[in-house]
Amino acid sequence: VLSSLPLQMMLYFNVYYFPVWCLAEGMMLQLKYHLLPRHYQFLLVAAFLILSLAEGSRLYLGYVGNLQEK
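Note that the structure is a prediction, hence the values are computed from the model and not measured. (Residues numbered from 1 in each chain as written. Predicted model: local features only at pLDDT ≥ 70, side-chain atom pairs only at ≥ 80, totals over all residues. Heavy atoms only, no water.)

Let us look at helix α2 (residues 38-67). Taking 1.5 Å per residue as the helical rise, α2 with its 30 residues ought to reach 44 Å, and the 44 Å between its terminal C-alpha atoms agrees with that figure. Within α2 the residues assigned to the buried category are Gln41, Phe48, Ser52, Leu59, Gly65 and Asn66. Summarising the contacts, the buried residues of α2 are in contact with α1 (5-33). Just downstream of α2 lies Glu69, where phi reads positive at about 60°. (Helix = DSSP H or I, 4+ residues; strand = E, 2+ residues; numbered from the N terminus. Expected span 1.5 Å × (residues − 1). Buried < 20%, exposed > 50% of the residue type's maximum accessible area, 1.4 Å probe, protein only. Contact = heavy atoms within 4.5 Å.)

Structure representation (structure tokens):
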């Protein structure tokens, strides 16, 4: 078996910490949203969505790839 146990453990814990990060980041974004100019509002929301989607995809692909030894 070529799957990596340390990588699998890090991915496992990251899967549980990612929603906590998402919630905290979303709350901070909501708190400061109305204080920012329109272009910063757009950039922050876009960055939050892109980072959330990229992190979710990275976790899924890492989890599946490590278990299937790819």
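Now that the structure has been shown, we can carry on.
Another point: the environment of Leu36. Among the structural elements, Leu36 can be located in the loop between α1 and α2. For the pair formed by Leu36 and Cys22, sequence separation is 14 residues and the distance between their alpha carbons is 20 Å. Not counting residues up to four positions away in its chain, the partners in contact with Leu36 are Gln41 and Leu44.

As enumerated under the stated definition, the model contains four aromatic pairs in all. Look at Tyr12 and Tyr16: their rings are 5.1 Å apart centre to centre, the planes differ by 70°, and that puts the pair in the edge-to-face class. Here Tyr12 pairs with Tyr16, and both are found in helix α1, just four residues apart, close to one helical turn. The exposure class assigned to Tyr16 is exposed, which follows from its relative accessible area of 52%. (Phe/Tyr/Trp six-rings, centres within 6.5 Å; stacked < 30°, edge-to-face > 60°.)

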